[in-house]
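What follows is the residue order along each chain.
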Amino acid sequence: MKRWFIAWCHKMINNNLWYKNAVFYEISVRAFKDSDGDGRGDLRGLTEKLDYLQALGVDCIWIMPIYPSPLRDDGYDIADYYSVDPAYGSLDQLKVLIEAAHQRNIRIIMDLVLNHTSDANPWFQAARSDKNSPYRDYYVWSDTDQIYKDARIIFVDTERSNWTWDEQAGQYFWHRFYSTQPDLNFDNPRVQEEMLNVARFWLDLGIDGFRADAVPYLFEREGTNCENLPETHVYLKKLRSIMDEHYPGRILLCEANQWPEDVRPYFGDGDEFHMGFHFPIMPRIYMALKKGRFEDMEEIMRRTPPIPENCQWCTFLRNHDELTLEMVTEEERQWMWKEYAPEPNMKLNLGIRRRLAPLLDNDRRKIELANSLLFTLPGTPIIYYGDEIGMGDNLNLFDRNGVRTPMQWDDSTNGGFTSGTPFTEMVQGEYSCQKVNVAEQMKSPNSLLRTIQKMIALRKQYAAFGGSDMEWIETGNPAVSVYLRRHDDDVIIVFNNLSNAIQTVQIPAQYQMTGRDLFSNQSFSLEQQLELQPYSYYWFHK
Ligand code: BGC
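Trainee: Can you tell me about the overall build of the chain, naming the residues and giving the values?
Mentor: When you go through the chain residue by residue, the secondary structure sums to 16 helices and 22 strands. The dimensions of the chain, computed from C-alpha atoms along their principal axes, are 75 × 60 × 55 Å. Burial status across the chain gives 63% buried among its 542 residues. Within the chain, contacts between residues separated by at least 24 positions form 67% of all contacts whose residues are at least 6 apart in sequence. Computing the positive centroid from 57 side-chain charges and the negative centroid from 79, the chain places the two 4 Å apart.

In structure tokens:
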């Protein structure tokens, strides 16, 4: 075989694995940048800000739902799967955005909400009003609410049951989330085909893949908890095979808020999801920072099974939802609430509705340290918009809206987000746009934004960070997590002092070596002992 052909094949394969060593960034389009003064962010606004994301070093943007929706669940309640809500723009504007992003080597994925629709969706309207409508069987109906009793309720603060009586239909319908979000019936082959068509529609438009929302719940079976059922995997593999065949290089990111061993099947044999969120590591990063000990992080990483070579975890510190505490024990949850949600209105469902900076007391050292963990643990990191500048939240807003406030671009009125009246109150006080904004932090070489930018650049420069293995190094100090990441001969040892005190670690003989500190780029020797300042970190490169 010709050498150029082999090289080309390699390039293509590596290209198709782009997500393994990438940095992702999650955006609420409504809250990012308004281009037309109506107070709501839109696709044009986001397009205007691509240069910022490129400068930050982002490789892939995940946009939250932009479909027409009554917004009972901020767009995760979809009224029409085949168009863009005019508030955000049009299909053509989405194409322009994708093209402009691609010119900057940035990919765009979007939410694909398979499990449920909005009750305003014409499918549901037809289903509820006519028993003989072909759409009736798009949803899950029952004359009794006494089946599937083993399925837990997810939105515990709002919902009492997964069944809601529908007067018009004269039956109960099934929903795993709000009662305004009826679940689709995946036992119906027409539903299965419809949702494959939805995926094809957006892929044909040029989208680079999907964050597949709430996938554990697609099917219901009596006597089970109705999560992670085998039928679900069969369906998802079908979706994947279509993508492999017709859209190579596009990705599927799995949202399954489950233990690592239960997420593992979603990777299949490398033939289901390309990526999956690692939910349980997230709260353990906060636990580590509060306790000043890394044991919980180590325990969950050791419990994380290996995944196929073409797959990757996705790690995060915060996202658009509450900081979920589903993947901890009851005792740990109570402890997390006590430590991180001292006010009752900070709690939501089984989580905490606060942003990164307020959770970490707006303490620059802790915020950097949490990011140091995010960027060096196995998995592709995903940044939640605004966390790179340390934005705050607004606890007066309902539900999770308090962590979805407008991006703060500068210190002008409304933070440069809109020339009109913002769709929601801007954050005030310690985290107001006068105190926390992009423009200011871009100017200052020592800002949080500049540090995150540097972390991103380093993370992407070293393939060692893109793999899935890690080696914990025993140093006799429970307050400092020390682990090694490797790619061929490239070795990086990461030190994170999780405590508020100076700590010393003993370096085992085989790791005593000379190299460089990646941040200062100064040569650096690991000798018998290393001393670390409170909440400090080193990324040592051999
Ligand atoms: C999304 C939530 C949404 C839920 C129902 C999730 O997992 O992240 O924001 O409320 O799915 O669609």
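Here the narrative resumes.
Trainee: Outline the environment of tyrosine 19, listing residues and values.
Mentor: Following the sequence through the fold, tyrosine 19 ends up in the loop between helix H1 (3-16) and strand S1 (24-27). Given the relative accessible area of 1%, tyrosine 19 is considered buried. Distance in space between the C-alpha atoms of tyrosine 19 and isoleucine 78 is 27 Å, their sequence separation being 59 residues. Once residues within four sequence positions are removed from consideration, tyrosine 19 is found in contact with Phe24, Ile251, His274, Met275, Asn310, Gln312 and Thr380.

Trainee: Which residues make up the side chain of glutamine 258, and what values do they have?
Mentor: With respect to the helices and strands, the residue glutamine 258 is situated in the loop between strand S8 (251-254) and helix H9 (260-263). Within polar-contact distance, the side chain of glutamine 258 engages the side chain of glutamate 227 at 3.1 Å. Within polar-contact distance, the side chain of glutamine 258 engages the side chain of asparagine 228 at 3.0 Å. Sequence-distant contacts of glutamine 258, defined by excluding residues within four places in its chain, comprise Arg152, Pro216, Tyr217, Glu227, Asn228, Val263, Phe279, Pro280 and Met327.

Trainee: Now, about the sheet that holds strand S12 (residues 347-348): what can you tell me, with residues and values included?
Mentor: As summarised here, the arrangement of the three strands in space is S11-S13-S12, forming an open sheet in which the pairing is antiparallel. Every interior strand has two partners, whereas the edge strands, strand S11 (323-324) and S12, have only one. Here two bridges tie S11 to strand S13 (residues 351-352), and the two strands are oriented antiparallel to one another. Counted as the bridge partner of leucine 323 is isoleucine 352 from S13.

Trainee: I'd like a description of the site of the ligand, backed by residues and values.
Mentor: Near the ligand, the surroundings consist of 13 residues, among which Asp73, His116, Asp213, Glu255 and Asp321 are the closest. Glutamate 255 is positioned with one of its side-chain polar atoms (N or O) 2.5 Å from an oxygen atom of the ligand. Taking 310 Å² as the accessible area of the ligand by itself, protein coverage stands at 96%. In this structure, the ligand is accommodated by the largest cavity. In terms of residue class, the shell around the ligand is made up of three nonpolar, three polar and seven charged.

Trainee: Explain helix H7 (residues 189-205) residue by residue, including any values.
Mentor: Between the first and last C-alpha of H7 there are 25 Å, a value that for 17 residues agrees with the 24 Å anticipated at 1.5 Å per step. Three or more residues of H7 are buried, namely Val191, Gln192, Glu194, Met195, Leu196, Val198, Ala199, Trp202, Leu203 and Leu205. Where H7 starts, the residue carrying a side-chain oxygen 2.8 Å from the main-chain nitrogen of arginine 190 turns out to be asparagine 188. Taken from the residues just after H7, glycine 206 is the one with a positive phi, measuring 115°.

Trainee: Could you give me a rundown of the pairing of strand S14 (residues 380-384), with the residues and numbers involved?
Mentor: Of all five residues making up S14, five are buried, and the element is well covered by its neighbours. Burial along S14 is two-sided: the face carrying Thr380, Ile382 and Tyr384 and the face carrying Pro381 and Ile383 are both buried. Where S1 lies against S14, three bridges are found, and the strand directions are parallel. From the neighbouring strand, phenylalanine 24 faces S14, where its bridge partner is isoleucine 382. Where strand S10 (residues 312-316) lies against S14, three bridges are found, and the strand directions are parallel. Residue cysteine 314 lies in a different strand from S14, and its bridge partner there is threonine 380.

Trainee: Explain the pattern of salt bridges to me, and be specific about the residues and the numbers.
Mentor: Counted according to the given criterion, the structure contains 36 salt bridges. Across the pair aspartate 213 and arginine 211 runs a salt bridge, and its minimum N-O distance is 2.7 Å. One exposure class covers both aspartate 213 and arginine 211, and it is buried. As a salt-bridge pair, aspartate 387 and arginine 355 come within 2.8 Å of each other at their nearest N and O atoms. Here arginine 355 lies in the loop between S13 and helix H13 (356-359) and aspartate 387 lies in the loop between S14 and helix H15 (438-443), a separation of 32 residues in the sequence. Residues joined in a network through salt bridges with shared partners are Arg30, Asp73, Asp74, Asp321, Asp399, Arg400 and Arg404.

Trainee: Account for empty space enclosed by the protein, with residues named and values stated.
Mentor: Vacant regions in the atomic arrangement are exposed by a probe of water-molecule size rolled over the atoms. Here the structure, examined in full by the defined rule, presents three cavities of 30 Å³ or more. Space inside the largest cavity adds up to approximately 330 Å³. When grouped by side-chain class, the residues that make up the lining of the largest cavity number nine nonpolar, seven polar and eight charged. Size it by volume and the second largest cavity reaches roughly 60 Å³. Contributing to the lining of the second largest cavity are Leu317, Arg318, Leu356, Asn371, Leu374, Ile382, Ile383, Tyr384, Asp387, Glu388 and Ile452.

Trainee: Talk me through the nonpolar core; I want residue IDs and the actual numbers.
Mentor: Grouped together as the largest cluster of nonpolar side chains are 154 residues, with contacts concentrated most on Tyr25 and Leu53. Counting residues per element, this core draws most heavily on H7, at eight residues. Once residues within four sequence positions are removed from consideration, leucine 53 is found in contact with Tyr25, Ile27, Phe32, Leu46, Val58, Ile61 and Ile106.

Trainee: How would you summarise the packing of helix H10 (residues 281-291) against helix H11 (residues 295-302) if you had to cite specific residues and measurements?
Mentor: Contact geometry of H10 with H11 gives a least axis separation of 7 Å together with a crossing angle of 155°. In terms of their interaxial angle, H10 and H11 are classed as roughly antiparallel. Every residue of H11 that contacts H10 at Ile281, Arg284, Ile285, Met287, Ala288 and Lys291 is listed here: Asp296, Met297, Ile300 and Met301. Looking at the contact of H10 with H11, its residues break down into seven nonpolar, no polar and three charged.

Trainee: Let's hear about the sheet that holds strand S20 (residues 523-525): which residues, and what values?
Mentor: Taken together, six strands build an open sheet; the order of strands is S15-S16-S17-S22-S19-S20 and the sheet is antiparallel. Single-partner strands in this sheet number two, and they are strand S15 (471-472) and S20. Note: strand S16 (residues 480-487) against strand S17 (residues 490-497), eight bridges, orientation antiparallel. By the bridge assignment, valine 482 is partnered in S17 with phenylalanine 495. Sitting on the sheet, helix H14 (residues 364-376) is in contact with S16, S17 and strand S22 (537-541), with an inclination near 150° to S17.

Definitions and limits used
- Residues numbered from 1 in each chain as written.
- Predicted model: local features only at pLDDT ≥ 70, side-chain atom pairs only at ≥ 80, totals over all residues.
- Heavy atoms only, no water.
- Helix = DSSP H or I, 4+ residues; strand = E, 2+ residues; numbered from the N terminus.
- Buried < 20%, exposed > 50% of the residue type's maximum accessible area, 1.4 Å probe, protein only.
- Contact = heavy atoms within 4.5 Å.
- Lys, Arg positive; Asp, Glu negative; His and termini not counted.
- Charge placed at Lys NZ, Arg CZ, Asp CG, Glu CD.
- Polar contact = N/O pair within 3.5 Å; in protein donor to acceptor, adjacent residues only side chain to side chain.
- Pairing = 2+ DSSP bridges.
- Near = heavy atom within 4 Å.
- Areas by Shrake-Rupley, 256 points an atom, 1.4 Å probe, with all protein chains shown as cover.
- 1 Å grid on protein atoms, 1.4 Å probe; cavity = no way out; pocket = protein on both sides within 12 Å on 5 of 7 lines; lining within 4 Å.
- Sits in = over half its atoms within 2 Å of the grid points.
- Nonpolar A, V, L, I, M, F, W, Y, C, P; charged D, E, K, R; others polar.
- Expected span 1.5 Å × (residues − 1).
- Salt bridge = Lys/Arg side-chain N within 4 Å of Asp/Glu carboxyl O.
- Points joined across faces, edges and corners; volume = space filled by probe spheres on them.
- Core = buried A, V, L, I, M, F, W, Y, C linked by side-chain atoms within 4.5 Å.
- Axes fitted to C-alpha atoms, helices over the stretch in contact; angles between N-to-C directions.
- Parallel < 35°, antiparallel > 145°, perpendicular 65-115°, else oblique.

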